[in-house]
Amino acid sequence: MKPDYNLVWVVVLMVLAQLTAFYLVKDLDWKWVVFWAYVFGSCISHSMTLAIHEISHNSAFGNSKAMWNRWFGIFANLPLGLPYSISFKRYHMDHHRYLGGDGIDVDIPTNFEGWFFCTRFRKFIWIVLQPFFYAIRPLCINPKPITRLEIINLLAQLSFDVVIYYLWGVKSIFYMLAGSVLGLGLHPISGHFIAEHYMFLKGHETYSYYGPLNLLTFNVGYHNEHHDFPNIPGKSLPLVKKIAAEYYDNLPQYNSWIKVLYDFVMDDTISPYSRMKRQLKGEVKQD
């Protein structure tokens, strides 16, 4: 349970890669802007959201320098185009403390999502629109007062977006925003959203994935391990599995996030309702 300082340099390189891409797409035809937004920008953007996930657990600088992690999260947020980091940290900690908690864990779909997105076509649309539901759901389930850091996150993001528009124009802005939306929607990496907690097997509410896409996602696929030890950086989660193999090797696991997406759409017994929901008792402490 110690910081992963390599995370800092990886994030800096990812930000620089996106800045380079913003410059390179500014004069391309629109069809190529869309192409590169999906093929390259979406992968970097989704990977960056998982870097922000790591940073939310203070993996970049450690728990003793919590504010360093918050400022670094705002920096990592810049190439995504929309303010995300500070709010994500507040709600994600609730997800870990109160997994499946009704009215607290905003990772749980709303009743409307479960009721409406119940056919194969509608579930497909739900996957495409996942980034919008993740953005709107907290406001419906568990709205929180806006904090000073969230305002700073917003102002920093808007300032960055204005600078990019002023320097390189609307195509760079479109590439940035489209990459974020496409990367979090109908995209192979997005299979992890469903793979993590949707109950394809009754009685198993958290699943791990040990495939190659972990290289792009800071080992978020090691999800049982992550929930057991949320203060261990993603870099070290394979070691956790190796040390405690008798606890993890026999649990249900996935080999393909693409197959998870396919099965979610095609299996009529699975829907946004396929989540464990708990009625919390006692005192609830939220960030």
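Residues numbered from 1 in each chain as written. Predicted model: local features only at pLDDT ≥ 70, side-chain atom pairs only at ≥ 80, totals over all residues. Heavy atoms only, no water.

Side note on a nonpolar patch on the surface
Taken together, the side chains of W32, F35, W36, Y38, V39, F40 and L182 present a nonpolar region at the surface, about 610 Å² in accessible area. With six residues, the single largest contributor to the nonpolar patch is helix 2 (residues 30–56). Among the structural elements, W32 can be located in helix 2. Residue W32 is classed as partly exposed on the basis of its relative accessible area of 40%. (Patch = residues over 30% accessible without salt bridge, like charges linked within 9 Å, V, L, I, M, F, W, Y side chains within 5 Å. Areas by Shrake-Rupley, 256 points an atom, 1.4 Å probe, with all protein chains shown as cover. Salt bridge = Lys/Arg side-chain N within 4 Å of Asp/Glu carboxyl O. Helix = DSSP H or I, 4+ residues; strand = E, 2+ residues; numbered from the N terminus. Buried < 20%, exposed > 50% of the residue type's maximum accessible area, 1.4 Å probe, protein only.)

Points about the UniProt feature "domain: Fatty acid desaturase" (unreviewed entry) in the chain
Taken from the UniProt record, the annotation "domain: Fatty acid desaturase" (unreviewed entry) applies to residues 31–253. In this annotation, residues 31–253 is assigned 61% helix and 1% strand; the end-to-end C-alpha distance for the span is 38 Å. (UniProt positions renumbered as here; feature names shortened; annotations may be inferred.)

Thoughts on helix 7 (residues 130–141)
Here helix 7 spans 16 Å end to end across 12 residues, near enough to the 16 Å set by a 1.5 Å rise per residue. Among the residues of helix 7, those classed as buried are Q130, P131, F133, R137 and P138. Down the axis, helix 7 shows its buried residues gathered within 165° of arc, on one side only. With respect to the buried face of helix 7, the exposed residues turned more than 90 degrees away are A135, L139 and C140. If you follow the buried residues of helix 7, they end up packed against helix 4 (85–97), helix 5 (111–116), helix 6 (120–128), helix 9 (170–183) and helix 10 (191–197). (Expected span 1.5 Å × (residues − 1). Arc of directions from axis to C-beta. Contact = heavy atoms within 4.5 Å.)

Here we look at the pattern of salt bridges
What the rule picks out here adds up to 11 salt bridges. In this structure, R90 and E150 form a salt bridge, with 2.8 Å as the shortest nitrogen-oxygen distance. Highlighted residues: R90 in helix 4 and E150 in helix 8 (residues 148–168), separated in sequence by 60 residues. In this pair, the class of R90 matches that of E150, namely buried.

Some thoughts on the nonpolar core
Counting 35 residues, the largest nonpolar core has V11, M48, W126 and I194 as its most contacted members. Of all the secondary structure elements, the ones that give two or more residues to this core are helix 1 (6–25), helix 2, helix 3 (66–77), helix 6, helix 10 and helix 14 (257–266). Contact partners of I194, with chain neighbours within four places excluded, come to W126, I127, Q130, F200, V260, L261 and F264. Formed by 12 residues, the second largest nonpolar core is a distinct cluster that contains V25, A37, Y175 and M176. (Core = buried A, V, L, I, M, F, W, Y, C linked by side-chain atoms within 4.5 Å.)

Describing unusual backbone geometry
The phi angle of most residues is negative, glycine excepted, and most peptide bonds adopt the trans form. With phi around 65°, N58 is a residue other than glycine that occupies positive phi space. Relative accessible area serves as the criterion here: at 11%, N58 is assigned to the buried category. The backbone of F218 sits at a positive phi, close to 55°, despite the residue not being glycine. Position of F218 among the secondary structure elements: in the loop between strand 1 (208–209) and helix 11 (223–228). Here F218 falls in the buried class, since its relative accessible area comes to 18%.

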